[in-house]
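# Breakdown of the fold
These are the residues of each chain, in order.
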Amino acid sequence: MTTYLIIGANTLGQSVARRLATQTTDPIRLLHAPNEKVAAELMERVTDQVGDLTKEATYQAALQDQPVIFSALQGLDVDLAFEALFDAQYHQQLMLTRFVMLSTAGVDHEVNGELTYPDITNVKEYLNQQRYAAKLVDESEFPYTILRPVTLTADAETEPQIIPEGATVPAGHVSRETVAAVATQILLNGEHDYQSLAIC
């Protein structure tokens, strides 16, 4: 039996939880900050855990089953959350099964054109934090995949364009549902080990 842990109850995180709930009977945990509200229909299928995501203690119980993890965290301070998570993992000497990280296009200066970062006022600091969070994931000792979508929208799901690390990424938009579909398939099937993928 596999346990799935989704960190962050934003729209994308909850979409991944819904998709997992329709495709597996394995346990699903949703770990999120107190200000994030979980949709009522999800509460019947997921174990809801609330805490300060920048504190190591928040992750201790959540990591006990050595889960497959999806981090849906966005915005600033993702690096602080990852430091706490990996400290908890290290101090408990747990090997995690898989880690899928939501990041953003632009962290590798790979975008051709102007990419917008809604709700981010200090883009340079945001990208530096994303780079550091990705470095923490890369230095871990378990399989990972980093997803770097272009600007996210609320549009309907479309066929994703997956671009490998090192290739130029066109600026543009991609729906959260498209990214959620890609993330769910990686969580379930274990594809793209040790890769960083842009999604358009």
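The structure we're discussing is the one just above.
Below is a short write-up of the structure. Remember, predicted model here, so these are calculated numbers, not experimental data. (Residues numbered from 1 in each chain as written. Predicted model: local features only at pLDDT ≥ 70, side-chain atom pairs only at ≥ 80, totals over all residues. Heavy atoms only, no water.)

### Here we look at the sheet that holds strand β7 (residues 144-149)
- What the eight strands build is an open sheet, ordered β3-β2-β1-β4-β5-β7-β12-β9; its pairing is mixed. Two strands lie at the open edges of the sheet, namely β3 (47-50) and β9 (162-164), each paired on one side alone. Taken over all neighbouring pairs, the strand axes of this sheet differ in orientation by 20° on average, direction set aside.
- In the sheet, strand β1 (residues 4-7) pairs with strand β4 (residues 68-71) via four bridges, with the strands oriented parallel. Paired with Leu5 across the bridge in β4 is Ile69.
- Running at roughly 175° to strand β5 (residues 98-102), helix α4 (residues 78-91) makes contact with β1, β4 and β5 of the sheet. (Pairing = 2+ DSSP bridges. Helix = DSSP H or I, 4+ residues; strand = E, 2+ residues; numbered from the N terminus. Axes fitted to C-alpha atoms, helices over the stretch in contact; angles between N-to-C directions. Contact = heavy atoms within 4.5 Å.)

### Describing the environment of Met1
- By the element assignment, Met1 lies in the segment before β1.
- Take Met1: its relative accessible area is 85%, and that puts it in the exposed class.
- In this structure, the C-alpha to C-alpha distance between Met1 and Pro27, residues 26 residues apart in sequence, is 8.2 Å. (Buried < 20%, exposed > 50% of the residue type's maximum accessible area, 1.4 Å probe, protein only.)

### What to know about the pairing of strand β12 (residues 195-199)
- Counted residue by residue, β12 has four buried out of five residues, so it is predominantly covered.
- Of the strand pairs in this sheet, β7 and β12 are connected by five bridges, and their pairing is parallel. Bridge pairing links Ile146 to Ser196 in β12.
- In this sheet, β12 lies alongside β9 in antiparallel orientation, the contact comprising three bridges. Among the inter-strand pairings, Pro164 is bridged to a residue of β12, identified as Leu197.

### Some thoughts on the pattern of salt bridges
- What the rule picks out here adds up to seven salt bridges.
- Between Glu177 and Arg19 there is a salt bridge, with the nearest N and O atoms lying 2.9 Å from each other. One end of the pair, Glu177, is in helix α6 (residues 176-189); the other, Arg19, is in helix α1 (residues 11-23), with 158 residues separating them in the sequence.
- Overall, the relative accessible area of 26% leaves Glu177 in the partly exposed class.
- Residue class for Arg19 comes out buried when judged on its relative accessible area of 17%.
- Beyond isolated ion pairs, a larger network of salt bridges with shared partners links Arg19, Glu157 and Glu177. (Salt bridge = Lys/Arg side-chain N within 4 Å of Asp/Glu carboxyl O.)

### Here we look at the packing of α4 against helix α5 (residues 123-138)
- Following both chains from N to C, one finds α4 and α5 inclined at 20°, their axes separated by 8 Å at the closest point. One finds that α4 runs roughly parallel with respect to α5. Considering only the axes of α4 and α5, their crossing is left-handed. Contacts from Val78, Asp79, Phe82, Glu83 and Phe86 of α4 reach α5 at Gln129, Gln130, Tyr132, Ala133, Leu136 and Val137.
- When its residues are assigned to classes, the contact of α4 with α5 shows seven nonpolar, two polar and two charged. (Parallel < 35°, antiparallel > 145°, perpendicular 65-115°, else oblique. Left-handed = near helix turned anticlockwise from the far one by under 90°. Nonpolar A, V, L, I, M, F, W, Y, C, P; charged D, E, K, R; others polar.)

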